[in-house]
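If you want the building blocks of each chain, they are given just below.
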Amino acid sequence: MSTQSTHQDRPAARDGGIVSERTLGSLAVPVQFVGFWSAVVLPLALFPMLLSGVASEHLVPFTALVAANLLALVVGRDYNSD
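What comes next is a walk through the structure. (Residues numbered from 1 in each chain as written. Predicted model: local features only at pLDDT ≥ 70, side-chain atom pairs only at ≥ 80, totals over all residues. Heavy atoms only, no water.)

1. Focus on the packing of helix 2 (residues 43–52) against helix 4 (residues 59–75)
Then comes step 1: Where helix 2 contacts helix 4, the axes come no closer than 10 Å and their chain directions differ by 145°. The way helix 2 lies across helix 4 gives a crossing that is left-handed. Residues P43, L46, M49 and L50 of helix 2 form the contact with helix 4, whose own contacting residues are F62, L65, V66 and N69. (Axes fitted to C-alpha atoms, helices over the stretch in contact; angles between N-to-C directions. Helix = DSSP H or I, 4+ residues; strand = E, 2+ residues; numbered from the N terminus. Left-handed = near helix turned anticlockwise from the far one by under 90°. Contact = heavy atoms within 4.5 Å.)

Here's what the structure looks like:
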């Protein structure tokens, strides 16, 4: 009497992970929320840095903020697009 393993016994075996699509779907909205609002708030730090000249003195942090803003724009682009 051998028992055969069914698909239900293996969590997400076909996609190689243990995180279900349902879990990923439930995480998408909060991640998009954070991305959207980060894209809104980050320019509030970037523009004063540009206007005051701090951006040229601290090029690495300024570049990191610009990159973070671009990432936030991509991540949050579909937030609340219903």
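2. Comments concerning helix 4
Then comes step 1: The terminal C-alpha atoms of helix 4, which comprises 17 residues, lie 24 Å apart, in line with the 24 Å expected from a rise of 1.5 Å per residue.
Then comes step 2: When helix 4 is considered as a whole, its buried residues turn out to be F62, N69 and A72. All buried residues of helix 4 project into a common sector of 85° when viewed along the axis, lining one side. Turned more than 90 degrees off the buried face of helix 4, the exposed positions are L59, V60, L70 and L71. (Expected span 1.5 Å × (residues − 1). Buried < 20%, exposed > 50% of the residue type's maximum accessible area, 1.4 Å probe, protein only. Arc of directions from axis to C-beta.)

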